[in-house]
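# Working through the structure, step by step
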Number of protein chains: 2
Amino acid sequence: MPPGKGGKADGPASRSTHEDLAPQPPSGEDRLLRRILDVLPPLAAVEGGAVPRLTLGPGDDAAAFGWPGGGLLLLTTDAAEEGVHFDRRLHPPRAIGRRAVAAAVSDIAAMGGRPAGTLISLVAPPSQESAAVRIAEAAANRARELGAPLAGGNITAGERLGLHVTVAGAIPPGAPLLRRGGAKPGDGLFVTGKLGGAALGLALLRQQVEVRTASLAPEEEALVARHLDPEPRLAAGAALAGAAHAGMDISDGLALDLHRLAAASGVGALIEEPRVPLAGKGARGLEAALFGGEDYELLLAGPRKRVGSAAAAAEIPLIPVGRVTEAREGVRLRRAGGVNEPLPPRGWDSWAGAQRGPSGR
Amino acid sequence: MPPGKGGKADGPASRSTHEDLAPQPPSGEDRLLRRILDVLPPLAAVEGGAVPRLTLGPGDDAAAFGWPGGGLLLLTTDAAEEGVHFDRRLHPPRAIGRRAVAAAVSDIAAMGGRPAGTLISLVAPPSQESAAVRIAEAAANRARELGAPLAGGNITAGERLGLHVTVAGAIPPGAPLLRRGGAKPGDGLFVTGKLGGAALGLALLRQQVEVRTASLAPEEEALVARHLDPEPRLAAGAALAGAAHAGMDISDGLALDLHRLAAASGVGALIEEPRVPLAGKGARGLEAALFGGEDYELLLAGPRKRVGSAAAAAEIPLIPVGRVTEAREGVRLRRAGGVNEPLPPRGWDSWAGAQRGPSGR
């Protein structure tokens, strides 16, 4: 399943033969997705011709269809559920709409695609009609800003607010598609920006609302903004899709998403702790970066020189954070002191009931 | 908003100048949709070139994008929410998945399109994991049967089961697109099959579960099957899109959907009661046909001869039910006795809290 938050289809690497690096149990959502993928019918042969043909099904950030006239259609869907992905006390309608659209557009960025249009499916209690209108308005505004204008949608009554966003995008004829599989041992690992800011921002927001603290410092406000109004890395995805071997967006935290990329590529990975760009300071900043989620930076793997040159040419900031290893080495973290430890596939997971990261969702 | 159940964007005809045919207040969902459409940003100019361009936004059964290499991409989304669109006591997971996919594919049929692929966004309480897996399996199987293989999706925890289905389809280069607007006074009005069966089937199903009646007669079982496993009219939509002036699927009942088609076309309509093909008998059968919804037959308007010939050539059953009139005449029903009455824009409406049709949803 392509999805964003909570729906990546691949579980953690499971090829390690070292006992101390034995695979962790998959996250709740990953396990459920595997159950579902196991019962899906095989794809039937599609007669060619006039109809777009599914060429990339469940397992990446977005599905891809070959368009008869050339190019690829990308489709992805993502959900924001009240009480799971947002809290009415913390999240105004504007933030609910903007975050959900940005999260879905981020999946298009993760494939190297260009956004084209957005559909929303909104659930709301009839008593919350004004909130529903404001959520739809915010989603439409954000969709337009991101080049994926609202094309349609659906509204239905329900017990709690929920916003499901589908975004269509395209890979122009001849342009490269970025996938999770394809990373090779020896590749560099890169991220497109600081990590952990969204999780720290959520924690600050919660603290502000619950404790009614005084106003936040400017750097704290910036973290809250990272959470409330994330920025999909569209330019980075399109510019680097050809140079990188593999990529995805970091929606559930570097650790969990790196496990997914490693599993899809059949490789291991080593992250160097001192290189991870932190939005916050100290151990808390590191915890948020590794396990916090919702940053929507891209994680890329590819030849260091080629990826670096492409990033420099397109003026895309790119931070090297480690390297791709053999699968048997598992997914590890090299601590500042030089010791390698297994990096657990832990992160945001709606199915497990709570994020086990620092933000306490 | 393109949608299926509950999300048509157009309200009832409001051009009548006859007091006795004064427009009814729009349905709850239509009113809410109008509020949302009012706050949406205008579509920005899209630079041409490599990206599909939105050519038909909210207001039809599906959105349409011009594909750079030719042809149109169609996108539609629909929702099935526990307690609103389905009831766990009545609807097994298989029916939940199959109905939701068929409803969304029906929107592609309503535009004259060919289905290409499906995304699902599933909400489920973690305690309902097995039901979630079976719903996804059923959705995937139905999607494959209908030529729209499951391409991806999303899963998230939530308090109640919910299934949001997005279907992509295509209009091949040069092939016609069927829209709600375009009906002209003098056009014939047609439907593709018997109406009211789904609503009567739901009532039988509820009766069977609640009263624990003995087994149903074969003709009753057929009505229940109409409700549990509807059939989108893909062949009819594709075959008649070029001959008809306007069309849509009947998801919320003939009356409400005819009001929407009339409003989008700026016309009135006259339905001849004795011509309406009824799935059930008598006054109850008529009530279900006019106001029951979920039949997913197509409603078409166009020149009688041209539409009739196209239907005959493609062996599509088509029943004439009335004609398109001037807008000032409103939307009316000619009773068996020859008297014309206003036909109220009444039907399935999740926002209004309940269907006011015979099935008592």
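Structure shown above.
To keep things clear, this report deals only with the structure shown in the data block. (Residues numbered from 1 in each chain as written. Chains lettered and ligands numbered in written order. Predicted model: local features only at pLDDT ≥ 70, side-chain atom pairs only at ≥ 80, totals over all residues. Heavy atoms only, no water.)

All names here are of chain A. Pairing within the open sheet is mixed, and its seven strands lie in the order S8-S10-S7-S11-S9-S12-S13. Sheet topology places strand S8 (246–249) and strand S13 (340–342) at the edges, where each strand pairs with a single neighbour. Direction aside, neighbouring strands of the sheet carry axes that sit 25 degrees apart on average. Sheet topology places strand S9 (residues 268–272) next to strand S12 (residues 331–334); four bridges connect them, and they run parallel. Residue pairing in the sheet places Ala269 in a bridge with Val331 of S12. Lying on the sheet, helix H7 (residues 254–265) is in contact with strand S7 (188–191), S8, S9, strand S10 (298–302) and S12; it crosses S8 at an angle near 145 degrees. Of the strands in this sheet, S7, S10 and strand S11 (319–325) touch helix H9 (residues 304–313), which is tilted by about 25 degrees from S7. (Pairing = 2+ DSSP bridges. Helix = DSSP H or I, 4+ residues; strand = E, 2+ residues; numbered from the N terminus. Axes fitted to C-alpha atoms, helices over the stretch in contact; angles between N-to-C directions. Contact = heavy atoms within 4.5 Å.)

Moving on: the interface of chain B and chain A. A common measure of how large an interface is: the accessible area buried when the components associate. Counting residues at the interface gives 82 residues for chain B, matched by 82 residues for chain A. In total, about 6400 Å² of surface goes out of reach between chain B and chain A, with carbon and sulfur atoms giving 70% of it. Contact with chain A buries surface across chain B, with Trp67, Ile155 and Trp351 of chain B losing the most and accounting together for 12% of the total. Viewed at the interface, chain A and chain B are joined by six salt bridges. Put simply, Glu159 of chain A and Arg160 of chain B hold a salt bridge, and the shortest N to O gap is 2.8 Å. Along the contact surface separating chain B from chain A lie 16 residue pairs in polar contact (both at pLDDT 80 or more). (Buried area = accessible area lost by both parts, 1.4 Å probe. Salt bridge = Lys/Arg side-chain N within 4 Å of Asp/Glu carboxyl O. Polar contact = N/O pair within 3.5 Å; in protein donor to acceptor, adjacent residues only side chain to side chain.)

A word on the relation of the copies chain B and chain A. Mapping chain B onto chain A calls for a screw motion: a turn of 180 degrees about the axis and a shift of 0.0 Å along it, with 0.0 Å RMSD after fitting. The superposition of one copy onto the other is thereby described by a two-fold rotation axis. If distances are taken from each C-alpha of chain B to the rotation axis, the shortest is found for Gly69 of chain B, at 2.3 Å. Looking at the interface residues of chain B, 100% of them are also at the interface in chain A, so both copies use one shared face. (Least-squares fit on C-alpha atoms with pLDDT ≥ 70 in both.)

Bringing the packing of aromatic side chains into the picture now. This model, assessed by the stated rule, comprises one aromatic pair over all chains. Relative to Trp67 of chain B, the ring of Trp67 of chain A lies with its centre 4.2 Å away and its plane at 10 degrees, an arrangement referred to as stacked. Here Trp67 of chain A, found in the loop between strand S2 (63–66) and strand S3 (72–81), pairs with Trp67 of chain B, found in the loop between strand S2 (63–66) and strand S3 (72–81), and the two come from separate chains. Each of the two residues, Trp67 of chain A as well as Trp67 of chain B, counts as buried. Positioned over the ring face of Phe291 of chain B is Arg346 of chain B, at 3.7 Å from the centre of the ring. (Phe/Tyr/Trp six-rings, centres within 6.5 Å; stacked < 30°, edge-to-face > 60°. Buried < 20%, exposed > 50% of the residue type's maximum accessible area, 1.4 Å probe, protein only. Lys NZ or Arg CZ within 6 Å of the ring centre and 35° of its normal.)

This brings us to the packing of helix H2 (residues 93–110) of chain A against helix H3 (residues 129–145) of chain A. Residues and elements named next belong to chain A. In contact at an axis separation of 7 Å, H2 and H3 are set at 40 degrees when each is read in the N-to-C sense. Taken together, the axes of H2 and H3 are oblique relative to one another. Between H2 and H3 the crossing geometry is right-handed. Facing H2, whose interface residues are Pro93, Arg94, Ile96, Gly97, Arg98, Val101 and Ala102, H3 presents Ala131, Arg134, Ile135, Ala138, Ala139, Arg142, Ala143 and Glu145. Classifying every residue of the contact of H2 with H3 gives nine nonpolar, one polar and five charged. (Parallel < 35°, antiparallel > 145°, perpendicular 65-115°, else oblique. Left-handed = near helix turned anticlockwise from the far one by under 90°. Nonpolar A, V, L, I, M, F, W, Y, C, P; charged D, E, K, R; others polar.)

Locating Glu159 of chain B in the fold gives a position in the loop between strand S5 (150–157) and strand S6 (162–171). With relative accessibility at 52%, the residue Glu159 of chain B sits in the exposed group. The spatial distance from the C-alpha of Glu159 of chain B to the C-alpha of Leu290 of chain B is 34 Å, given a sequence separation of 131 residues. A polar side-chain atom of Glu159 of chain B sits 2.8 Å from a polar atom in the side chain of Arg160 of chain A.

All names here are of chain B. Where helix H5 (residues 218–228) is concerned, the buried positions are Leu223, Val224, His227 and Leu228. The buried residues of H5 occupy an angular sector of 135 degrees when projected down its axis, which confines them to one face. Among the exposed residues of H5, those oriented more than 90 degrees off its buried face are Pro218 and Glu219. Looking at the buried side of H5, the elements it contacts are helix H2 (93–110) and helix H4 (197–211). (Arc of directions from axis to C-beta.)

Below, the discussion takes up the pattern of salt bridges. All chains considered together, the criterion is met by 48 salt bridges over all chains. Residue Glu129 of chain A is joined to Arg35 of chain B by a salt bridge in which the shortest nitrogen-to-oxygen separation is 3.1 Å. Here Glu129 of chain A, found in helix H3, pairs with Arg35 of chain B, found in helix H1 (residues 28–39), and the two come from separate chains. On the accessibility criterion, Arg35 of chain B (33% relative accessible area) is partly exposed. Salt-bridge contacts for Arg260 of chain A lead to Asp257 of chain A; the nearest nitrogen and oxygen are separated by 2.9 Å. In this pair, Arg260 of chain A and Asp257 of chain A both sit in helix H7, three residues apart, roughly one turn of the helix. We note that Arg260 of chain A, like Asp257 of chain A, is buried.

Before going further, it helps to spend a moment on the environment of Leu178 of chain B. Residue and element names in this part refer to chain B. By the secondary structure assignment, Leu178 is in the loop between S6 and strand S7 (188–191). A C-alpha to C-alpha distance of 7.5 Å links Leu178 and Ala244, two positions 66 residues apart in sequence. When near neighbours in sequence (up to four residues on either side) are disregarded, Leu178 contacts Ala110, Met111, Gly112, Ala241, Ala244, Ala246, Gly247 and Leu300.

Next up on the list: the pairing of S6 of chain B. Residue and element names in this part refer to chain B. The buried fraction of S6 amounts to 10 of the 10 residues, a majority that puts the element mostly inside the structure. Note that S3 and S6 share 10 bridges and pair antiparallel. Note on S6: the bridge partner recorded for Thr76 is Val167. Summarising the sheet, strand S4 (residues 114–124) and S6 pair through nine bridges and their orientation is antiparallel. Pairing of Leu119 across the sheet is with Thr166, part of S6.

Attention now moves to the packing of helix H4 (residues 197–211) of chain A against helix H5 (residues 218–228) of chain A. In helix packing, the relevant descriptors are the interaxial angle and the interaxial distance, both defined with respect to the helix axes. All names here are of chain A. Two elements in contact, H4 and H5, have axes whose closest approach is 7 Å; the angle formed by their N-to-C orientations is 110 degrees. Considered as vectors, H4 and H5 are oriented roughly perpendicular to each other. Mapping the contact onto sequence places Gly197, Ala198, Leu200, Gly201, Leu202, Leu204 and Leu205 in H4 and Glu220, Leu223, Val224, Arg226, His227 and Leu228 in H5. In the contact of H4 with H5, the residues fall into eight nonpolar, three polar and two charged.

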